[in-house]
Amino acid sequence: MSENETTDDLSQVLRHRREKLDSIIERGIQPFAYNFTPTSTTAATITSFEVMESAEALGENGHGERVTVGGRIVGWRDMGRSVFAHMEDGHGRVQLYFRKNVIGEESFESLSLLDVSDWIGAEGPTFRTRTGEVTIQVESWTLLTKSLRPLPFGKVETDPETGERKVYGGFQDQEMRYRQRYADLAVHPDVRDVFRTRSRVITELRRFLDDEGFLEVETPVLQPLYGGASAKPFVTHHHFLDQTMYLRIADELYLKRLIVGGLDRVYEISKDFRNEGLSKVHNPEFTMLEWYQAFSDYEDQMDLVERMVLHVLDTVMGERVIRVGDDVIPVTVPFRRLGLVSGLSEALGEDVHEMSEADLRAKAEELDVPDLDGAGRGKLIDKLFGELVEPGLVEPTFVIDHPKELSPLAKTHRNDPRLTERFEMYIGGAEIFNAFSELNDPIDQRERFEAQSTLRDAGDDEAQQIDDDYIRALEYGMPPTGGVGMGVDRLVMMLTGQTSIRDVILFPILRNEE
RNA sequence: GACCCGGUAGCUCAGCUGGAAGAGCAACUGACUUUUAAUCAGUAGGUCGUGGGUUCGAGCCCCACCCGGGUCACCA
């Protein structure tokens, strides 16, 4: 039976499909068509029928419009001299009805060569079956692509009253769903919807910033020095230059060089790369949106973030709520603003500014906060805040005015030299935005870099490098600037109610197969 | 990185105290011209994640490893 060893190795199911392919070719049917021109989609076919029906415009035999549709077979019920099937395209699904005395003997016999997950085109008038489903009475059909590997469709039961879909069996294995995202998408319409939403969110973020007068720019992914965030980079090598290169961990320093150059409102949507662990909210490559606006400070940027979030909710979601798992969180402006130090003081019941580093450390140890080695005052405050306050930040909240040590690229707070003008915006306990009044004093910036360098020498491999070229740019003069970074993946998680970042990234990072 | 759970037919899973590898769906053959988790009859399909070990005998027990999920840690 089998032509060769390769075919021998295939499972029974795959072998049967190869055999059908052979039969198709023997009958002179093209199994992988070159093109097809539908006149309608599955969704439009149904809508059109319903419109004609309610206008009492149906033709003889209750037939609606004659359509030609293309799609993938997702269900098949063989009744002998008639067959019911379901077809899906990018817009929905529609039922097909094949009758032997309508399509003819030869065409009907050829149906036995079709399988679930094949792509076909079908042509005929619409009607409503006895059980009430709008269906295409197929008069002719054509094979578009023979599928040699069945998709793991489950059995779908649709409740006739509520329209709720219940899936039996199906494709559950998370690993396989991520590795074979094409199959996951093919089988799960709701997964396709998540990524459609993601795309629309990014479109609306662009539209919002474009309308605010921002210019979209592109800056290097491959960088001789990395900076703009505290993170471990991916390291690579350029052979011709014989030079070590890093994949960017942030866009920040390049975008601010553009502000120096007079491009006064810029943004970039980019993949950033951080060589760190994986979690429900961390993928090593992720999508970042950063923007910088001359003649603004972090207060202005808080207003802009509020307007941006509302714009995305209004245009994409149609409602001002965020979903975290099953929780529905209303989004209203202005968002809550909480000083990092004052919020922590409240949680501790004493003024953090009055506490010594030793006091802070004792508190942290008392609470079993891990990894305190080498933590300075700022780090201790941050850790305590993370432990005591952050988990409660479910409604949209700006956490503002971080300790200076934690923020080497932010301006010193105009009213308190111990703090910086910075905010992080949290929703549902996750950080989504991070912003500052950008530090534009080149002398101060060099000192901050040097402090980072000291941390680096002390073993902190996430501390930032000194970027002399960036300081040179600041010496030419950067106007007062507010800048914001946003985790696009995390925002999409919030909007689509996904609890894992992997469910909003089409191809999340996985270990190699085998 | 630590701990917990998992990996058995194409898919979803069961498999008792160690004693002849199972079910449903999918597939294949046949019946059925308005079904919709179609139905009915029959057939076939297995490297039990991998490699060792214990045992008369291992899907099951032991050791190591691989892969994934979850929790924690790391990650502003």
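In this text the structure is predicted, and so the values were computed from the model without any measurement.

1. With respect to the overall build of chain A
Helix and strand counts for chain A stand at 16 helices and 23 strands. Here chain A has a C-alpha radius of gyration of 30 Å; the compact-globule value for 514 residues is 24 Å, and the former is much larger. Each of the three principal axes of chain A carries a C-alpha extent, and together these read 90 × 60 × 50 Å. The buried share among the 514 residues of chain A stands at 47%. For chain A, restricting intrachain contacts to residue pairs at least 6 apart in sequence, the fraction spanning at least 24 positions comes to 63%. In chain A, 58 positive and 94 negative side-chain charges are present, and the distance between their average locations comes to 4 Å.

2. Things to note about the nonpolar core
Core analysis: the largest hydrophobic core is formed by 45 residues, its most contacted members being Leu 289, Trp 291, Val 305, Met 308, Phe 423, Phe 433 and Met 486. In terms of residue count, the dominant contributor to this core is helix H10 (residues 298-317) (ten residues). Leave out the neighbours within four places in its chain, and Phe 423 touches Tyr 298, Gln 301, Met 302, Val 305, Phe 398, Val 399, Ile 400, His 402, Phe 433, Asn 434, Ala 435 and Val 484. If you look at the next biggest cluster of nonpolar residues, it comprises 21 residues, including Met 87, Ile 103, Ile 136 and Trp 141.

3. Regarding the packing of aromatic side chains
For the structure on display, the rule yields eight aromatic pairs. A centroid spacing of 5.6 Å and a plane angle of 40 degrees characterise the contact between Phe 335 and Phe 398, whose relative ring orientation is tilted. In this pair, Phe 335 is assigned in the loop between strand S16 (327-330) and strand S17 (336-339) and Phe 398 in strand S18 (residues 397-400), connecting sequence segments 63 residues apart. Accessibility classification places Phe 335 together with Phe 398 in one group, the buried group.

4. Topic: the environment of Ile 432
On the secondary structure map, Ile 432 appears in strand S22 (residues 430-437). Sequence separation between Ile 432 and Thr 496 is 64 residues, and the spatial gap between their C-alpha atoms is 15 Å. Beyond its immediate sequence surroundings of up to four residues, Ile 432 is in contact with Met 425, Ile 427, Gly 485, Met 486, Gly 487, Arg 490, Leu 491 and Met 494.

5. Let's talk about the sheet that holds strand S23 (residues 481-487)
Within a sheet, each strand pairs with its neighbour through backbone hydrogen bonds, oriented either parallel or antiparallel. If you walk across this open sheet you meet the eight strands as S9-S13-S14-S23-S22-S21-S18-S17, and the pairing is mixed. Looking along the sheet, the strands with just one partner apiece sit at the ends: strand S9 (215-216) and S17. The sheet contact formed by S22 and S23 spans five bridges and is antiparallel. Bridging from a neighbouring strand, Phe 436 pairs with Gly 483 of S23. Helix H9 (residues 252-260) rests against strand S13 (265-273), strand S14 (285-294), S22 and S23 of the sheet, and its axis sits at about 25 degrees to S14.

6. Digging into the side chain of Arg 181
By the secondary structure assignment, Arg 181 is in helix H7 (residues 181-187). Of the polar contacts made by the side chain of Arg 181, one reaches the backbone oxygen of Ile 505; its length is 2.8 Å. Look past the residues within four positions of Arg 181 in its chain and what remains in contact with it is Val 191, Phe 195, Arg 502, Asp 503, Ile 505, Leu 506, Phe 507 and Pro 508.

7. So, the protein's contact with RNA strand B
Around RNA strand B lies a shell of 52 residues, among which Thr 131, Gly 170, Glu 276, His 282 and Arg 502 are the nearest. A breakdown of the atoms of RNA strand B within 4 Å of the protein gives sugar and phosphate a share of 59%. Between a phosphate oxygen of RNA strand B and a main-chain N or O atom of Gln 172, the distance comes to 3.0 Å. One of the side-chain nitrogen or oxygen atoms of Arg 179 is found 3.4 Å away from a sugar or linking oxygen of RNA strand B. Those elements giving two or more residues to the surface near RNA strand B turn out to be helix H2 (12-26), strand S1 (66-78), strand S2 (82-89), strand S3 (92-99), strand S7 (155-158), helix H6 (174-179), strand S21 (422-427) and S22.

8. Here's the deal with the pattern of salt bridges
Per the counting criterion, the structure on display carries 37 salt bridges. As a salt-bridge pair, Glu 306 and Arg 337 come within 3.3 Å of each other at their nearest N and O atoms. In this pair, Glu 306 is assigned in helix H10 and Arg 337 in strand S17, connecting sequence segments 31 residues apart. The partner of Asp 444 in a salt bridge is Arg 448, with the nearest N and O atoms 3.1 Å apart. Placement of both Asp 444 and Arg 448 in helix H14 (residues 442-457) is noted, with a separation of four residues, approximately one turn of the helix. Among the residues examined, Arg 448 registers a relative accessible area of 7% and is labelled buried. The network of salt bridges with shared partners includes Arg 17, Lys 20, Asp 115, Asp 118 and Lys 146.

9. Details of the sheet that holds strand S10 (residues 222-223)
Strands sit in the order S10-S12-S11 across an open sheet of three strands; the sheet is antiparallel. Every interior strand has two partners, whereas the edge strands, S10 and strand S11 (235-238), have only one. Where S10 meets strand S12 (residues 243-247), two bridges bridge the pair, whose relative direction is antiparallel. Paired with Leu 222 across the strands is Leu 247, a residue of S12.

What counts and how
- Residues numbered from 1 in each chain as written.
- Chains lettered and ligands numbered in written order.
- Predicted model: local features only at pLDDT ≥ 70, side-chain atom pairs only at ≥ 80, totals over all residues.
- Heavy atoms only, no water.
- Helix = DSSP H or I, 4+ residues; strand = E, 2+ residues; numbered from the N terminus.
- Rg over C-alpha atoms; globule rule 2.2 N^0.38 Å.
- Buried < 20%, exposed > 50% of the residue type's maximum accessible area, 1.4 Å probe, protein only.
- Contact = heavy atoms within 4.5 Å.
- Lys, Arg positive; Asp, Glu negative; His and termini not counted.
- Charge placed at Lys NZ, Arg CZ, Asp CG, Glu CD.
- Core = buried A, V, L, I, M, F, W, Y, C linked by side-chain atoms within 4.5 Å.
- Phe/Tyr/Trp six-rings, centres within 6.5 Å; stacked < 30°, edge-to-face > 60°.
- Pairing = 2+ DSSP bridges.
- Axes fitted to C-alpha atoms, helices over the stretch in contact; angles between N-to-C directions.
- Polar contact = N/O pair within 3.5 Å; in protein donor to acceptor, adjacent residues only side chain to side chain.
- Near = heavy atom within 4 Å.
- Salt bridge = Lys/Arg side-chain N within 4 Å of Asp/Glu carboxyl O.

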